[in-house]
Amino acid sequence: MVVGDISTGTDVAVVGAGPGGYVAAIRAGQLGLDVTLVEKDAYGGTCLNYGCIPSKAMITASGVAHEAGHAEEMGVYADPDVDVAEMVDWKDGVVDQLTGGVEKLCKANGVNLIEGRAEFAGSDKLRVVHGGDGQGSETIEYEHAIVSTGSRPIEVPGFDFGDDPVLDSRQALAMAELPASMVIVGGGYIGMELSTVFAKLGVDVTVVEMLDGILPQYGDDIARPVRQRAEELGIDFHFGLAADSWTETGDGIVVTAAGEDGEETEFETEKVLVAVGRQPVTDTLNLDAVGLEPNDDGRLETDHEARTDVENVFAIGDVAPGPMLAHKASKEGEVAAEVIAGEPAALDHQAVPAAVFTDPEIGTVGLTEDDAAAQGFDPVVGTFPFNASGRALTTGHDDGFVEVVADEESGFLLGAQIVGPEASELVAELGLAIEMGATLEDVASTIHTHPTLSEATMEAAEHALGHAVHTLNR
Ligand code: FAD
């Protein structure tokens, strides 16, 4: 033990208080376990402080400003005056409310909170170094540990996040003053969400992407309406280019990107936001001490109970396999806590929904038609376009469609892909339907409120059954 160390014991030590870790800690507390949650930075993790919540706040605020200034079709003429510093303050207020809530909920559930950076210090032991000079360290002896240390943005060689014009998503969401122009490296979901925010706030946005399209995890039909709308907002796309360096000019910077043939293209800009993905944080945990080794992606392999190769160590969220999503992290946190408490619990990743908060939004769950065929199903597909939805037309947002995928023989719903207004909300109904083992008939015969966007899910199910009313059947 280091001089100044204190030593404590706990049933469950949770490392990292993001949506994985704090949910695991609260659930463990609810189940009567003695639980200690260690966080080195801020309660709520990436999600509440720098990711999901601040980005969605800025998406909403920039959307309000944009809508207000573009509603002439509805007879509304306005030229909104945006104070970005106030917008960012409002966003920070939302974040503070939520992170404060996390701390209160943890305490109310008996969770022992420790501020500091934890690493493994041997089997069944963590060492926590408290922040700041002279604040000491402590050793925590645990029965079970849950690793929920999340992820950090991947840096592109040549672009150091410490250099002023180079931004990661966290820095971009904290800017109290907007640049006139911004190059966004990466057309994945973070790059696309943030390019929409900045374009709606009047920044001249250029997206530079190595692949030949945006949102590579989605099919062309899903990505197309998002790209079309982004182009309408003035976002300039350049595909097949890998950004490799930047240099200062008198009044800004030049970002250079190379094509596959080595030819360089230059982009003049004020700021460059690098959003090429995230990597798990497992390299700072001294995993050797507990006998764990990350896989090639830097993640900790886990089983259906979120357990790693070491019996009493669990891994959840962005450090565990699967999509890097907050709700997936939280569900894994609940499962890990319940397994530790001896409850029958297991992970079921069949129906993990995902959303992209672009304009229009994307919401997906379960299998696509191709996935279903690859898994041996005989898929049947039904679609409903939002331009046939009364409610979509009344909102002024009628791009996109709902697609449902089911097994032809049994009718069981297998998946849904939605691109359009409120897709992130609409997908919840179909996620529940999949979890409940619902069939197309169940969704089609459920009375949906009129006029709502949710009627489109019912119509898509009816379409798959060959009797849609408000669109033509095949
Ligand atoms: P994190 O939230 O990253 O939390 C990990 C915590 O561990 C951090 O607080 C960190 O400080 C702490 N920590 C790390 N190492 C140590 C240590 N050694 N000791 C103590 N503490 C430590 N997901 C969605 O589902 N929906 C969205 O809309 C969405 N939008 C996003 C937008 C952006 C811009 C970004 C960046 C991410 C977004 N995500 C979204 C992803 C989401 O934020 C992550 O999937 C989620 O936060 C993962 O949760 P986690 O608990 O695994 O890790």
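In what follows, the structure referred to is the one given above.
Residues numbered from 1 in each chain as written. Predicted model: local features only at pLDDT ≥ 70, side-chain atom pairs only at ≥ 80, totals over all residues. Heavy atoms only, no water.

Draft legend 1. Expanded view of the nonpolar core. Among the nonpolar cores identified, the biggest contains 38 residues, and M182, F198, V205, L215 and I362 are the most heavily contacted of them. Those elements that provide at least two residues to this core are α3 (52–69), α4 (84–108), β9 (181–185), α6 (189–200), β10 (204–209), α7 (220–232) and β18 (354–356). The leading source of residues in this core is α6, at five residues. Among all residues touching M182, those that are not within four sequence positions of it are L167, M175, F198, V203, D204, V205, T206, T269, K271 and L273. (Core = buried A, V, L, I, M, F, W, Y, C linked by side-chain atoms within 4.5 Å. Buried < 20%, exposed > 50% of the residue type's maximum accessible area, 1.4 Å probe, protein only. Helix = DSSP H or I, 4+ residues; strand = E, 2+ residues; numbered from the N terminus. Contact = heavy atoms within 4.5 Å.)

Draft legend 2. Representation of the packing of α3 against α4 within the structure. As a packed pair, α3 and α4 sit with axes 9 Å apart at the nearest point and diverge in direction by 140°. By the angle class used here, α3 and α4 are oblique. The hand of the α3/α4 crossing is right-handed. Counting all contacts with α3, which are made through I53, P54, A57, M58, A61 and S62, the residues of α4 involved are M87, V88, W90, K91, V94, V95 and L98. Residue classes in the contact of α3 with α4 are distributed as eleven nonpolar, one polar and one charged. (Axes fitted to C-alpha atoms, helices over the stretch in contact; angles between N-to-C directions. Parallel < 35°, antiparallel > 145°, perpendicular 65-115°, else oblique. Left-handed = near helix turned anticlockwise from the far one by under 90°. Nonpolar A, V, L, I, M, F, W, Y, C, P; charged D, E, K, R; others polar.)

Draft legend 3. Representation of helix α13 (residues 455–465). Taken across its eleven residues, α13 has ten buried, putting it largely inside the fold. E455, A456, T457, M458, E459, A460, A461, E462, H463 and A464 are the residues of α13 that are buried. Contacts made by the buried residues of α13 are with β20 (379–385), β21 (401–407), α11 (423–435) and α12 (440–445).

Draft legend 4. Just a negative patch on the surface, in detail. Residues D251, E260, D261, E263, E264, E266, E268 and E270 make up a contiguous surface patch of negative charge. Here E266 lies in strand β14 (residues 264–269). (Patch = residues over 30% accessible without salt bridge, like charges linked within 9 Å, V, L, I, M, F, W, Y side chains within 5 Å. Areas by Shrake-Rupley, 256 points an atom, 1.4 Å probe, with all protein chains shown as cover. Salt bridge = Lys/Arg side-chain N within 4 Å of Asp/Glu carboxyl O. Lys, Arg positive; Asp, Glu negative; His and termini not counted. Charge placed at Lys NZ, Arg CZ, Asp CG, Glu CD.)

Draft legend 5. Geometry of the pattern of salt bridges. Tallying each qualifying case throughout the model produces 16 salt bridges. With a closest N to O distance of 3.5 Å, R307 and E311 form a salt bridge. When its relative accessible area of 16% is taken as the criterion, R307 is described as buried. What you see here is one network of salt bridges that share partners, running through K200, R229, E232 and D359.

Draft legend 6. Broad picture of the site of the ligand. Around the ligand, the surrounding shell holds 39 residues, and the nearest of these are E39, T46, K56, A118 and A326. In this structure, a nitrogen atom belonging to the ligand sits 3.2 Å away from a main-chain N or O atom of K40. Contact between the ligand and C47: an oxygen atom at 3.3 Å from a main-chain N or O atom of the residue. With the chains in place, 96% of the 1,000 Å² that the ligand exposes on its own is no longer accessible. Contributions of two or more residues to the shell around the ligand are made by β2 (35–39), α2 (45–49), α3, β4 (117–120), α6 and α8 (326–340). Counting only domains with at least three residues in the shell around the ligand, you end up with domain 1 (6–152 + 279–347) and domain 2 (166–276). (Near = heavy atom within 4 Å. Polar contact = N/O pair within 3.5 Å; in protein donor to acceptor, adjacent residues only side chain to side chain. Domains from an automatic or database assignment.)

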